[in-house]
Amino acid sequence: MVKYSIRRILISIPILFTVVTLIFFLVRSMPGGPAVAVLGDYASKESVAALEKEMGLDIPLWEQYINFLKDLARGDLGRSLINGMPVAPEVARVLPYTLQLTVSAALFGVFFGIPLGVFTALRRNRLFDYIGRTFSLAGVSLPSFFLGILLMLVFSIKLDLFPVMGGGDIHDVEDMLHHLFLPALTLGLMMTAYITRTTRSSVLNVLRQDYVRTARAKGLRERLVIYGHTLRNALLPVVSFIGVYTIVLIGGSVLVEVVFARPGLGKMMVGAIQQRDYMTLQSVMVVYAGLVVVINLLTDLSYGLIDPRIRYD
């Protein structure tokens, strides 16, 4: 497994390099620029040119790209073009908020989605199956920002149980969880819906296999047939989906962070786009790309834990 992990990390390097290159040039292809964003649309060309020179944007693009790669290789994400502050400390400050939101939503989805998917599959075309399918269909149909606003309206404004906005004090666990509940519930309900549908389909497919019929014909207890023979084989596509959807969750956290006014990479990225802050925007996107690579690696490594037939050679 160690050799496999090292090989996957080495394979990820050219992928990351390609992604970083695309990010650099795509960010700079945005209309407008940081100087125009700071000075306004009616600023004179001389003022814009002077500010761009001060920001270091007057040098050729290829030279900016080389400087960006050199700084990135040293772990330096540069300085914000708007306020001149180093980007790395700000990323380090907000990254825990995004990670806690994504991880809690993923755990919520796994904890409730897999049992619900198995439960509805074992009661196919019965009342609980219809209820579960209706819930999952509603979950995959509702946009995250709309669901977040609904939850905020009920639990924060009507019932006054949770704060409307903010991320809480990261050093105060109780305050942090209090602020985290509604945003995590928003993303967690959506992930639960997707995992329920995937688990139900996978379990139904495995239940039709000959080895399941053979296990039942041998007189094995139904619980052993379900949890020993069916669920374990059904989990492989579910784990693949969890890995893919966790990546989607990271992207979906952008809207939830904006709706709940939580600090996080998503909110930071939206602010950088509005201000055309190239350095901050490309840094946040690079961090997102790194998270995607790590999640894909963890997903691949988890296959061997579920199915011992899978080898890492």
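That block above? That's the structure.
Residues numbered from 1 in each chain as written. Predicted model: local features only at pLDDT ≥ 70, side-chain atom pairs only at ≥ 80, totals over all residues. Heavy atoms only, no water.

1. Structural notes on the packing of aromatic side chains
The relative placement of two aromatic rings is captured by the distance of their centres and the angle of their planes.
(1) Moving on: Summed over all chains, the structure comprises 12 aromatic pairs.
(2) Moving on: A centroid spacing of 4.7 Å and a plane angle of 35° characterise the contact between tyrosine 194 and tyrosine 245, whose relative ring orientation is tilted. Here the residue tyrosine 194 occupies a position in helix α8 (residues 173-207), and tyrosine 245 occupies one in helix α10 (residues 222-259), the gap between them amounting to 51 residues.
(3) Moving on: A relative accessible area of 25% means that tyrosine 194 is categorised as partly exposed. (Phe/Tyr/Trp six-rings, centres within 6.5 Å; stacked < 30°, edge-to-face > 60°. Helix = DSSP H or I, 4+ residues; strand = E, 2+ residues; numbered from the N terminus. Buried < 20%, exposed > 50% of the residue type's maximum accessible area, 1.4 Å probe, protein only.)

2. Quick word on the side chain of arginine 200
(1) Moving on: Mapped onto the elements of the fold, arginine 200 is located in helix α8.
(2) Moving on: Of the residues examined, arginine 200 reaches a relative accessible area of 14% and is grouped as buried.
(3) Moving on: Not counting residues up to four positions away in its chain, the partners in contact with arginine 200 are Gly117, Thr120, Ala121, Arg124, Asp129 and Arg133. (Contact = heavy atoms within 4.5 Å.)

3. With respect to the packing of helix α9 (residues 210-217) against α10
(1) Moving on: The interhelical angle for the contact between α9 and α10, taken along N-to-C directions, is 165°, at an axis separation of 10 Å. Our classification of the angle between α9 and α10 gives roughly antiparallel. In the packing of α9 onto α10, the handedness of the crossing is right-handed. Contacts between α9 and α10 involve Tyr211, Val212, Ala215 and Arg216 on the former and, on the latter, Glu222, Val225, Ile226, His229, Thr230 and Asn233.
(2) Moving on: Residue composition of the contact of α9 with α10, grouped by class: five nonpolar, three polar and two charged. (Axes fitted to C-alpha atoms, helices over the stretch in contact; angles between N-to-C directions. Parallel < 35°, antiparallel > 145°, perpendicular 65-115°, else oblique. Left-handed = near helix turned anticlockwise from the far one by under 90°. Nonpolar A, V, L, I, M, F, W, Y, C, P; charged D, E, K, R; others polar.)

4. What about unusual backbone geometry?
Across the chain, the bulk of peptide bonds are trans and the bulk of non-glycine residues have phi less than zero.
(1) Moving on: One non-glycine residue, asparagine 125, adopts positive backbone phi at about 60°.
(2) Moving on: With relative accessibility at 46%, the residue asparagine 125 sits in the partly exposed group.
(3) Moving on: Of note, the phi angle at alanine 261 is positive, near 50°, even though the residue is not glycine.
(4) Moving on: Looking at the element boundaries, alanine 261 is found in the loop between α10 and α11 (265-275).

5. Description of helix α6 (residues 127-141)
Since one α-helical turn is 3.6 residues long, residues separated by three or four positions face the same way.
(1) Moving on: Taking 1.5 Å per residue, 15 residues should reach 21 Å; α6 reaches 21 Å between its end C-alpha atoms and fits that length.
(2) Moving on: Contacts made by the buried residues of α6 are with α5 (87-122) and α8. (Expected span 1.5 Å × (residues − 1).)

6. Some words on the pattern of salt bridges
(1) Moving on: One pass over the full model with this rule turns up six salt bridges.
(2) Moving on: Put simply, arginine 93 and glutamate 90 hold a salt bridge, and the shortest N to O gap is 2.8 Å. Of this pair, arginine 93 and glutamate 90 both sit in helix α5, three residues apart, which is roughly one turn of the helix.
(3) Moving on: By relative accessible area, which is 44% here, arginine 93 ends up partly exposed.
(4) Moving on: A relative accessible area of 30% means that glutamate 90 is categorised as partly exposed.
(5) Moving on: Its salt-bridge partner being aspartate 129, residue arginine 200 comes within 2.9 Å of it at the nearest N-O pair. Highlighted residues: arginine 200 in helix α8 and aspartate 129 in helix α6, separated in sequence by 71 residues. By the burial criterion, arginine 200 is buried, and aspartate 129 matches it.
(6) Moving on: One connected set of salt bridges, linked through shared partners, spans Asp129, Arg133 and Arg200. (Salt bridge = Lys/Arg side-chain N within 4 Å of Asp/Glu carboxyl O.)

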